[in-house]
Amino acid sequence: MNWINGLGRGWKALVAVACVLCLLVTPAVTVKHENFKTCDQSGFCRRNRAYADTALSNSKWQSPYTLDSSTVKFDKGILTGVVDKKITNTDQTVRLPLKVTFHESGTARVTIDEEKRQKGEIELRHDSKARKERYNEAEKWAIVGGTVVSTGAALNKDAEKGSTRVMYGPGSKFEAIIQHAPFGVQFKRDGETQIKLNDRGLMNMEHWRPKVDKPETEQKEGEEAVVAESDNIAEDESTWWDESFGGNTDSKPRGPEAVAMDIEFPAYQYVYGAASHAGPLALKETRGGDGKYSDPYRLYNSDVFEYEMDSPMTLYGAIPFMQAQKKDSAVGVFWLNAAETWIDITKSTSSANPLSLGIGGTTSTDTHWISESGLLDLFIFLGPTPQDVIGAYGELTGYTQLPQQFSIAHHQCRWNYVTDEDVKDVDRKFDKSKIPYDVIWLDIEYTDGKKYFTWDPMTFPDPINMQKQLDEHQRKLVAIIDPHIKNEGGYSVVDELKSKDLAIKNKDGNIYEGWCWPGSSHWIDCFNPKAREWWKTLFRYDKFKGTAKNMFIWNDMNEPSVFNGPETTAPKDLLHHGNWEHRDLHNINGMTFVNATYDAILSRDKDEDKHPIRPFVLTRSFYAGSQRLGAMWTGDNQAAWPHLEASIPMVLSMGISGFPFAGADVGGFFGNPSKELLARWYQAGAFYPFFRAHAHIDTRRREPYLAGEPYTQIISQALRLRYSLLPAWYTAFHEASTTGAPIVRPNYYVHPSDEKGFAIDDQLYLGSTGLLAKPVTKEGQESQDIYLADKEKYFDYFDFWQYEGPGTVSVAAPLDTIPLLMQGGNIIPRRERPRRSSGLMKYDPITLVVVLGNSGDAEGTLYLDDGESYEYQSGAYIHRRFKYSTSTSSLTSEDVSSPGKKTKEYLKLMEKVRVERIVVVNAPEGWSGKKEVEVAEEGGAKSGKSGKAELEWHGKVEGKAAWAVVRDPGVRVGEGWKIQF
Ligand SMILES: *[C@@H]1O[C@H](CO)[C@@H](O)[C@H](O)[C@H]1NC(C)=O
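Residues numbered from 1 in each chain as written. Predicted model: local features only at pLDDT ≥ 70, side-chain atom pairs only at ≥ 80, totals over all residues. Heavy atoms only, no water.

Looking at an unreviewed UniProt entry, one finds the chain named alpha-glucosidase and attributed to Saxophila tyrrhenica. Entered under Subcellular location (unreviewed entry) in the UniProt record, the comment concerning the chain runs "Endoplasmic reticulum". Quoted verbatim from the Sequence similarities (unreviewed entry) field of the UniProt record, the comment on the chain reads "Belongs to the glycosyl hydrolase 31 family." (UniProt positions renumbered as here; feature names shortened; annotations may be inferred.)

See below:
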């Protein structure tokens, strides 16, 4: 939800009871550009861009940072030293401790801090209580693994004088070359340079300095190392101290302290990541020109409602992880900094060799990272595959949580279902229309006057009964709980927040008060462990009365959104636990709140019974690591075609950024979608990992059963498709939870050798299934061109029409059709019985679709567990690999699990779950006369089935592949078996 409507909510609340229709008059709005800074309006960004301009316009520019050779030490996988910078016209040197850590995983980390110089020198202004240290706790929140230091990393004795070389990584194929003067690092793989730091000399650690009243001409940067012209870098002191924007003044008690570095990816033409932005997956250049942005990509978590399409403007979450891709090679960097960050991207093409007769040069990508404060701390991943890079990043920041099965099914949300009877009525109508859904959501209006942990006694008098009705079909409720706590006397939550001193403070150390949904509010400071402990107590069933075990939580507004704050968020000089300034940790703030909520839901159920279930929390704001805690959605979009179109690259971008449990509001949050748009959006949503319909309070009701025919049927079909593929989705989530792999995957990830597909971001592969979808995102479109990267056969999911790659094929896409292909060589698990909710499908039989391609072999996996508890961690799951081999004409099921103490019990429970159908697409012609297949289950006739099953043959028709069906082979999903064709 957004703030501009929020400002209107005051009067709305007053008239709401009397005049429900009055709610429909809020005028349409679009993003308020002027509420958000450009680089030029953000002092440190402007300063560093100017620094870059000076450096890059001067061919003799040399970076003023030097690694003092006498300080360099290498011990047990860690290199340390001190990087110096002389302050001109003083005898002072800024000393910047350097640490380069080589990890067992092959990931390297470069950390640069700032040493205090002289006592008293950086005393703060305003008697501020802000901590006088560069923020060094981002890792505490973001990093959970992958930090075992390498024992194999070793100095390379051949290093030239003035440099240090370290060999590391798998097979010691990686090398870091640390150049001392000027300081810079190059990373090589197999002898080839992949990443360069400070090669263009844009490194800039704005050292702390005392405030003096006259201009500090003596503080011009880097006099000695630099040729004369660069002395003309006029430091623009106007942005060093108090800085105002939009009527708010940031007091900046520590003055300028930005950190910046240039990171070059030589010979890499494409970069991805730096999520989240509403733009193409392949990041654009940012320093102006045709088709380029003129501002850097910005990461500063904000409530940017009705955001703009194709823009580097910041959104709600920040993942400062970037990958570069060239043919057959991927590398990446993770910039571990939680302050406001900007990233400039430019590309340069080396001039072609004159002898190469018209063959072009190589394009490289240069990036320039600028953060307002904190450490310079970055991780280097050398690939070589996209999964190597994403997996290594996932090892550091954690893999996505294995979610409850219901949470990957269909969610129905609206601001707001207005009473408990309304919720029950919607629930009944879904059933009456036979439309599956798992979760219904409550936005802020369920509360008593925006006081979280309460229910409006007039409109939700009996929440338990409501949750009971939902539970009858194993459905869930998700209710919103935001971080702003209403400042109202007698509200126990705010009373405790104050008395226990757990709120965010203002710069003077008093409780911060701002404006949000409830009006005057305070914000819980989840950086404080005591606040997180307290938060847990609020969710207990005896505390948050009216809640049941099937209720989960939505954390919104956690950037945090502050209606009267600068850029609709918190002032940067607020103070958090440990007296860290908000500026230092802004982008992590949202994640700490979700962390507290996650732990609260977990302990709510742990305290109550012995069978704890996995929490579900949806968040709007996020940072690197948030994937461990739940799902995200792309915030307040609009019911407009371009927003539908943009949702695909946005969701893909989240997938390759380690946070794959992502989706966009189906139907569009603001405005009323046409029925065509709504139907197309459900078809696209069926391929979002997080699949939720949502609508603004001023929109007309649009539950699928209201759409009317043929739309309701079309939407139901899209939902049924999602439900029948839930086994494939859940298997993909399991893979994500163990390897960090994206759930929906862009072309470059699946085909890293195919340069032609590197910029494609409007089609997606589902997990490792070979399913390739390209939802229609344009009005009136009746056919869809799909790009096939490989020389492989693809088949239409619905009618087995055969296509052949490589190249672009055209697929018919009338309104009732989702362009969806199956790549040859895969086996896809499905559950085909229509049910009201996913919970009711738990013991349903499985259908396997075997898709034979060029090789004639096929493979696929299936992961199943109870979909809710942690018992899978004790082995209560089924994980099978299915293989069809053309040489033996047989399909087998192999166990790929690691059994544990609960395995037997679970297999017993699943004993009756069988494979009920096997569909073989592109079946060999030789089967045309075949009537049956041989079935053998492990353990033979005693425990399992052994015998024959019927085979039904369907010959080729027109462009469609031949196919065969094995009916009821009767084999158990949890056992090994073989079917001989
Ligand atoms: C929440 O954060 C704390 C402190 O960093 C950590 O110990 C805990 O494991 C986190 N919880 C989750 C669910 O990640």
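Next comes the rest of the description.
Q: Help me understand the overall build of the chain, please; the structure alone is not making it clear to me.
A: The helix and strand tally for the chain stands at 16 helices and 52 strands. The C-alpha radius of gyration computed for the chain amounts to 29 Å, which stays within 12% of the reference 30 Å derived for 981 residues, consistent with globular compactness. By its C-alpha atoms, the chain is 90 × 80 × 55 Å across when sized along the principal axes. Pairs at least 24 residues apart make up 72% of the contacts formed inside the chain by residues separated by at least 6 positions. (Helix = DSSP H or I, 4+ residues; strand = E, 2+ residues; numbered from the N terminus. Rg over C-alpha atoms; globule rule 2.2 N^0.38 Å. Contact = heavy atoms within 4.5 Å.)

Q: I keep staring at the pattern of salt bridges and nothing clicks. Help me out?
A: When the charged atoms of two side chains lie near each other, side chains of opposite charge can form a pair. This structure, assessed with the given rule, holds 64 salt bridges. With a shortest N-O distance of 3.2 Å, Asp865 and Arg614 are connected by a salt bridge. With Asp865 in strand S45 (residues 858-865) and Arg614 in the loop between helix H9 (582-608) and strand S31 (617-619), this residue pair connects regions lying 251 residues apart in the sequence. Each member of the pair Asp865 and Arg614 is classed as buried. The structure contains a network of salt bridges with shared partners spanning Asp250, Arg254, Glu257, Arg298, Glu340, Glu372, Glu567, Lys572, Glu581, Arg583 and Asp584. (Salt bridge = Lys/Arg side-chain N within 4 Å of Asp/Glu carboxyl O. Buried < 20%, exposed > 50% of the residue type's maximum accessible area, 1.4 Å probe, protein only.)

Q: What should I look at first to understand the environment of Ser128 in this one?
A: Within the fold, Ser128 resides in the loop between strand S5 (108-112) and helix H3 (138-142). Separated by 125 residues in the primary sequence, Ser128 and Pro253 place their C-alpha atoms 6.4 Å from one another.

Q: Help me understand unusual backbone geometry, please; the structure alone is not making it clear to me.
A: That bond from Ala181 to Pro182 is cis: its omega, -10 degrees, falls within 30 degrees of zero. Locating Pro182 in the fold gives a position in the loop between strand S8 (174-179) and strand S9 (184-189). With an omega of 5 degrees, the peptide bond running from Glu559 to Pro560 counts as cis. Its location among the elements puts Pro560 in the loop between strand S28 (551-555) and strand S29 (575-576).

Q: Whenever I open this one, the sheet that holds strand S42 (residues 820-823) confuses me. Can you help?
A: Strand pairing in a sheet is mediated by backbone hydrogen bonds. Such pairs are either parallel or antiparallel. Ordered in space as S35-S36-S37-S42-S39-S40, the six strands form an open sheet in which the pairing is antiparallel. The outermost strands of the open sheet, each flanked by one partner alone, are strand S35 (744-745) and strand S40 (802-804). (Pairing = 2+ DSSP bridges.)

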